[in-house]
Amino acid sequence: DAGVIQSPRHEVTEMGQEVTLRCKPISGHNSLFWYRQTMMRGLELLIYFNNNVPIDDSGMPEDRFSAKMPNASFSTLKIQPSEPRDSAVYFCASSLRQFDTQYFGPGTRLTVL
Amino acid sequence: EDKVVQSPLSLVVHEGDTVTLNCSYEVTNFRSLLWYKQEKKAPTFLFMLTSSGIEKKSGRLSSILDKKELFSILNITATQTGDSAVYLCAVLNNAGNMLTFGGGTRLMVKP
């Protein structure tokens, strides 16, 4: 059974470029979460969706970040324009229902030069 | 603001040792506490604890929650080199499914 799928696994880009990270949750899961992990700040929740609807985006750092979930099997996290301080590993996680255990994807390692 | 603190920050032991990792929390509207293991990739789920005093066990790993004193411990007995990882504690609250993570404990098990 496939877990959470993220792409790309690695992204290296230059400052000012647009970056789009993609996530496919586990089939049948109704909640999806985007996290960012850095050495300095650890693992932080950015935004989460329940039944494709964004519920809480208070963790999104600033207007350069946006996330969408057009259907139950796909979500994107976009950074425009990207900055070097956005360099981190971005994880997507999904859970069957709200409050259930969250299962993480392999992450996208983003480097902004 | 919800807060999760883990200790120690890092730990080096030898194979066969037993370790205890600590997690304390201050959370509004606590729902459950989760333990994850993170090696060089994504966190993998270990335990979810919701009730005080009930030990959860999986092989050599076990965990227990104390909702009165606001902490949890994760025990690993007869450690193996494959247990080397960062162990993350996270707390889930009722107000919007916010999962707050601690900083993690980095465990290194030497042969």
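Note: the structure precedes this text.
Worth saying up front: this structure is predicted, and the values here are computed from it rather than measured.

Draft legend 1. Structural context of the sheet that holds strand β6 (residues 56–58) of chain B. Residues and elements named next belong to chain B. Pairing is antiparallel across the open sheet formed by 5 strands, whose spatial order is β1-β3-β8-β7-β6. If you trace the sheet from one side to the other, it starts and ends with β1 (3–7) and β6, each paired once. In this sheet, neighbouring strand axes are inclined to one another by 15° on average, regardless of whether the strands run parallel or antiparallel. Sheet topology note: the β1/strand β3 (residues 19–26) ladder contains 5 bridges and is antiparallel. In the sheet register, valine 4 faces β3, and the bridge partner there is tyrosine 25.

Draft legend 2. Structural detail: the pairing of strand β11 (residues 108–112) of chain A. All names here are of chain A. Burial along β11 is one-sided: the face carrying Thr108, Leu110 and Val112 is buried and the face carrying Arg109 and Thr111 is not. Pairing geometry for strand β2 (residues 10–13) and β11, over 4 bridges, is parallel. Looking at β11, one finds that histidine 10 is bridged to arginine 109.

Here is what the cut-offs are and how they apply
Per chain, the residues get numbers from 1 upward, laid out in the order the sequence is written. Written order decides the labels, with chains lettered from A and ligands numbered from 1. Selection of residues for local features in this predicted model requires a pLDDT of at least 70, selection of side-chain atom pairs for listing and counting requires 80 or more, and totals for whole chains, interfaces and linings are taken over all residues. Excluding hydrogens and water, the side-chain figures rest on all heavy atoms present in the structure. Two strands pair if DSSP finds at least two bridges between them. Numbered from the N terminus, helices here are DSSP runs of H or I no shorter than four residues, and strands are runs of E no shorter than two. Each axis is a line fitted through C-alpha atoms, taken for helices only over the stretch in contact, and angles between the N-to-C directions span 0 to 180 degrees. For every residue, the accessible area obtained with a 1.4 Å probe (protein chains only) is divided by the maximum for its type, and the residue is called buried under 20%, exposed over 50%, and partly exposed between those limits.

The values are spatial; any link to function lies outside them.
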